[in-house]
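Listed here are the chains, written in short residue letters.
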Amino acid sequence: MTGWTILCDFDGTISVEDVIDSLLDRFGRPGWETLEQDWRAGRIGSRECMTGQVGLLDMTQDELDKHLSSLWIDHAFPAFVARARELSTPLRVVSDGLDYAIHKILGRYGLDDLPLAANHLAPATPPRQWQLTSPFQADGCRSGTCKCAVAAQAAKTGTKTLLIGDGASDFCAADRVDFVFAKHRLIEHCRAAGIPYVPITGFEDALELLPRLLDGSLLAEHTPGEPALAVTIP
């Protein structure tokens, strides 16, 4: 053990595109856009939003599997997982997305054995075709997967925690970990909140940075609210 645990978001971080968005664009019946607008406006949480949206998916199992086979992950993620394993650093995928989709996509790369916390997708009772349940929800949290609770659980192991993420579902957890590899919207959140982080564009960057995190040099270079020094990401 290196003294670190890695929690990694899936949609937009490991995957190239957001899985549920791609499913809704292709198979969503009318009404899912209204739920999306209510979520973006803060009127409902992501769990309520996604539960409603999944109920509006009009697709067969075969159509779902065919669509998932067309979705890709960051090309450097398998190498990152291999490096983390070589360094005896546990990695868990923590997602507010769909467990079935994540397993199917990662399975193409031989990575479906990674520990996963995500919403559960299952066939529904007609006339609905699909239903969502949230085994990793928490009291007082409106997300399907409470990443804060997962981060708190990781902290109880006595290790430091690295979060790798990109968006709003990662904001709360970023406040509760020891360091962040941040993409997209998460960069500005970390900067504004004074959270120790480095910006990354993908897992090629993360692969290069991981040994420096584990040996302590990234933390030593860090100034709160600014990316760690000597990190140049084009």
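Residues numbered from 1 in each chain as written. Predicted model: local features only at pLDDT ≥ 70, side-chain atom pairs only at ≥ 80, totals over all residues. Heavy atoms only, no water.

Asker: Provide a residue-level description of the state of the cysteines, including the pertinent values.
Answerer: Scanning the entire structure with this criterion turns up one disulfide. Between the sulfur of Cys-148 and that of Cys-172 lies a disulfide, 2.0 Å long from S to S. One end of the pair, Cys-148, is in helix α7 (residues 147-155); the other, Cys-172, is in helix α8 (residues 171-174), with 24 residues separating them in the sequence. Not part of a disulfide, Cys-8 finds its nearest cysteine sulfur in Cys-190, a span of 14 Å. (Disulfide = S-S within 2.5 Å. Helix = DSSP H or I, 4+ residues; strand = E, 2+ residues; numbered from the N terminus.)

Asker: Account for the packing of helix α5 (residues 77-86) against helix α10 (residues 203-214), with residues named and values stated.
Answerer: One can describe the packing of α5 onto α10 by two numbers: an axis separation of 8 Å at closest approach and a directional angle of 15 degrees. The angle between the axes of α5 and α10 places the two elements in the roughly parallel class. Crossing of α5 over α10 shows left-handed handedness. Contacts between α5 and α10 involve Phe-77, Ala-79, Phe-80, Arg-83 and Ala-84 from the first element and Phe-203, Ala-206, Leu-207, Leu-210 and Pro-211 from the second. Broken down by class, the residue content of the contact of α5 with α10 amounts to nine nonpolar, no polar and one charged. (Axes fitted to C-alpha atoms, helices over the stretch in contact; angles between N-to-C directions. Parallel < 35°, antiparallel > 145°, perpendicular 65-115°, else oblique. Left-handed = near helix turned anticlockwise from the far one by under 90°. Contact = heavy atoms within 4.5 Å. Nonpolar A, V, L, I, M, F, W, Y, C, P; charged D, E, K, R; others polar.)

Asker: I'd like a description of the nonpolar core, backed by residues and values.
Answerer: Here is a general trend for soluble globular proteins: nonpolar side chains tend to be buried in one another's company. Counting 55 residues, the largest nonpolar core has Phe-77, Leu-106 and Phe-181 as the members making the most contacts within it. Per-element accounting of this core gives the leading share, six residues, to α10. Apart from residues no more than four positions distant in its own chain, Leu-106 is found in contact with Phe-10, Ile-14, Ile-73, Phe-77, Val-93, Leu-111, Asp-112 and Leu-114. Core analysis: the second largest hydrophobic core is formed by 17 residues, Ala-117, Val-150, Leu-186 and Tyr-197 among them. (Core = buried A, V, L, I, M, F, W, Y, C linked by side-chain atoms within 4.5 Å. Buried < 20%, exposed > 50% of the residue type's maximum accessible area, 1.4 Å probe, protein only.)

Asker: Tell me what's going on with the sheet that holds strand β1 (residues 4-8), and back it up with residues and numbers.
Answerer: Across the sheet, which stays open at both edges, the seven strands sit in the order β4-β3-β2-β1-β5-β6-β7 with mixed pairing between neighbours. This sheet does not close on itself; its edge strands, each paired only once, are β4 (130-133) and β7 (197-199). Across the sheet, the mean angle separating the axes of adjacent strands is 25 degrees when strand polarity is ignored. Where strand β3 (residues 116-123) and β4 come together, four bridges link them in antiparallel fashion. Each bridged residue has a counterpart across the sheet, and for Ala-122 the counterpart in β4 is Gln-131. (Pairing = 2+ DSSP bridges.)

Asker: Talk me through the pattern of salt bridges; I want residue IDs and the actual numbers.
Answerer: Per the counting criterion, the structure on display carries eight salt bridges. Residue Arg-85 pairs with Asp-113 through a salt bridge whose shortest N-O separation is 3.3 Å. Highlighted residues: Arg-85 in helix α5 and Asp-113 in the loop between α6 (99-107) and β3, separated in sequence by 28 residues. Overall, the relative accessible area of 44% leaves Arg-85 in the partly exposed class. Within the structure, one salt-bridge network assembled from shared partners comprises Asp-9, Lys-147 and Asp-170. (Salt bridge = Lys/Arg side-chain N within 4 Å of Asp/Glu carboxyl O.)

Asker: Explain the environment of Val-94 to me, and be specific about the residues and the numbers.
Answerer: Within the secondary structure, Val-94 sits in strand β2 (residues 91-98). Classification of Val-94 as buried rests on a relative accessible area of 3%. Between the C-alpha atom of Val-94 and that of Leu-163, which follows or precedes it by 69 residues, the distance is 9.5 Å. Filtering out sequence-adjacent residues up to four positions away, Val-94 remains in contact with Leu-7, Cys-8, Asp-9, Phe-10, Ala-117, Thr-145, Lys-147 and Val-150.

Asker: Go over α6 with me, naming the residues and quoting the values.
Answerer: Of the residues making up α6, those classed as buried are Asp-99, Ala-101, Ile-102, Ile-105 and Leu-106. Projected onto a plane normal to the axis of α6, the buried residues spread over an arc of 160 degrees and lie on a single side. Packed against the buried residues of α6 are α1 (19-27), α4 (61-68), α5, β2 and β3. (Arc of directions from axis to C-beta.)

Asker: Mind laying out the pairing of strand β6 (residues 179-182), listing which residues take part and the relevant values?
Answerer: Side chains Phe-179 and Phe-181 project from β6 onto one buried face, and the interleaved Val-180 and Ala-182 project onto a second face that is buried too. Note that strand β5 (residues 160-165) and β6 share four bridges and pair parallel. For Leu-162, the partnering residue across the bridge sits in β6 and is Phe-179. Bridge analysis of β6 against β7 gives three bridges, and the strand direction is parallel. The partner of Phe-181 across the bridge, within β7, is Val-198. For the handedness criterion, the β-α-β arrangement of β6, helix α9 (residues 185-193) and β7 is classed as right-handed. (Right-handed = clockwise from strand over helix to strand, strands pointing away.)

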